Amino acid sequence: MEEVQNGTSLTLALQGTSPDLRPAVQSIAFQALRRGFWAQEVLNQYVQKTPPGLTLYLLWAAIALLPEKNSEPMYATHTLVNEAVNATSLDSNLGFARGLINAVLRRALRNEKLYQEIPEEQHPSYPEWWTRKLKYAYPEQYLNILAASKEKPPLTLRLNHRFLKDEAGVKKYLDDLSKADIEYQLIDKVGGQKLSGAIELKNPIPVAKIPGFFDGACSVQDAGAQVAAELLKLAPGQRVLDACAAPGGKAAHFLEKYDIHLDALEIDASRAKRIEENFGRLKLNGGHIIIGDASTPKAWFGGELYDAIIADVPCSASGIVRRHPDITYLRQEGDIKNLQVAQRKILTALWSLLKPGGKLLYVTCSVFPDEGELQAKWWLNAMPDAVRLKAPGQLLPSKQHDGFFYALFEK
């Protein structure tokens, strides 16, 4: 949490955590960040002076683990207090904090009017500029967007139809889920777009417990992200570019559905390894990984134009906050304009690689119109040979899926 406050992503901050502790540490960190602004307000009212160093973050995490209003607690209250106090023994500099942590937590737990005095809905974990932009763009929906972003995300599977082969294979797999006492529901549509292999598990479980996962029977992928391969219909043998492809979920989905040649482009060599790992686990052919910058194709483009391009461009990730709660702590308002410029540069570069009659799918996991609808309108004005086709546009986060934007263009 301290590292996130200093600008490091939670993913990187957790890398030093031992594998056996990581699930618990990540769960606590997620909760602390989701309720961070509220927890800090509790601290402001219960402690006269901001505690130094690790004491602040230990108190912050412990307060965030207090029972939520009208919800079952993550931990029994006596366990929470005891473990928070005991945690001070892990660092020789925290001995003085035992009494402070014990007093603050017990005082908060005794206060039956805590959520009336400090309403959590008035202290969502978003900076002012973030809330302002959402309120301006979605005056009637922004509170729902904020609420959805705080919820724990669903665990959704994407069935690998190339592995399962036919309806009989799919039925057998669903039977395997039932035999393993894994409750699920099929997701038929998202944003009006029919999905062919999306399954939401009622209770999230580790991937090691998902039948057939390591054999390639399925992948974990949000239902909103599965729209891409269903939206862009491809013919056998077509050449396709997935720009900014890591970790490879959408690229893999296209190779599962279509007999195509797909180039998966990624600027970061270490992230490109994730694409290779996904292709290998899913036993997919037809995918070629390229290390390169989507905005400067001269360095990597071979010269043969593409039939279709997926431009899954870098963005604020404002639509997937519930999966990455550190985002609202890391983003600055000025980042949005910089991202918008970068997105336009990538779009312009990629358009030159597309055949006449080819299609480009513009995708972001953002809910800000600056990165969605405003970009689509700019593109139509900037490119006279671009025709906009039917696509879902802005998908706002819901219980079923994260927030995405989709715009489809034909050259």
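Now for a look at the structure at hand. These numbers come from a predicted model, not from an experiment.

Moving on, we come to the packing of helix 4 (residues 36-46) against helix 5 (residues 53-64). The interhelical angle for the contact between helix 4 and helix 5, taken along N-to-C directions, is 110°, at an axis separation of 9 Å. Compared by their axis directions, helix 4 and helix 5 come out roughly perpendicular. The handedness of the crossing between helix 4 and helix 5 is right-handed. Of the residues in helix 5, those touching helix 4 at Gly36, Trp38, Ala39, Gln40, Val42 and Leu43 are Leu56, Leu59, Trp60, Ile63 and Ala64. Its residues placed into classes, the contact of helix 4 with helix 5 shows 9 nonpolar, 2 polar and no charged.

Okay, the side chain of aspartate 242 next. Note that aspartate 242 resides in strand 5 (residues 239-243). The buried charged residue aspartate 242 lacks any salt bridge partner; its closest oppositely charged side chain belongs to lysine 250, at an N-O distance of 7.3 Å. Polar side-chain contacts of aspartate 242 include one of 3.3 Å to the backbone nitrogen of alanine 251.

Using the criterion set out here, one finds 22 salt bridges in the structure. A single salt-bridge network, built from bridges that share partners, covers Arg35, Glu68, Glu120 and Lys150.

This next bit is on unusual backbone geometry. Proline 247 follows alanine 246 through a cis peptide bond whose omega is 5°. Here proline 247 is to be found in the loop between strand 5 and helix 14 (249-257). A positive phi angle is found at aspartate 181, which is not glycine, with a value near 60°. One can find aspartate 181 in the loop between helix 12 (167-179) and strand 2 (184-190). A positive phi is found at lysine 283, a non-glycine position, where the angle reads about 60°. Summarising the element assignment, lysine 283 is placed in the loop between helix 15 (269-281) and strand 7 (287-291).

Conventions adopted
- Residues numbered from 1 in each chain as written.
- Predicted model: local features only at pLDDT ≥ 70, side-chain atom pairs only at ≥ 80, totals over all residues.
- Heavy atoms only, no water.
- Axes fitted to C-alpha atoms, helices over the stretch in contact; angles between N-to-C directions.
- Helix = DSSP H or I, 4+ residues; strand = E, 2+ residues; numbered from the N terminus.
- Parallel < 35°, antiparallel > 145°, perpendicular 65-115°, else oblique.
- Left-handed = near helix turned anticlockwise from the far one by under 90°.
- Contact = heavy atoms within 4.5 Å.
- Nonpolar A, V, L, I, M, F, W, Y, C, P; charged D, E, K, R; others polar.
- Buried < 20%, exposed > 50% of the residue type's maximum accessible area, 1.4 Å probe, protein only.
- Lys, Arg positive; Asp, Glu negative; His and termini not counted.
- Salt bridge = Lys/Arg side-chain N within 4 Å of Asp/Glu carboxyl O.
- Polar contact = N/O pair within 3.5 Å; in protein donor to acceptor, adjacent residues only side chain to side chain.

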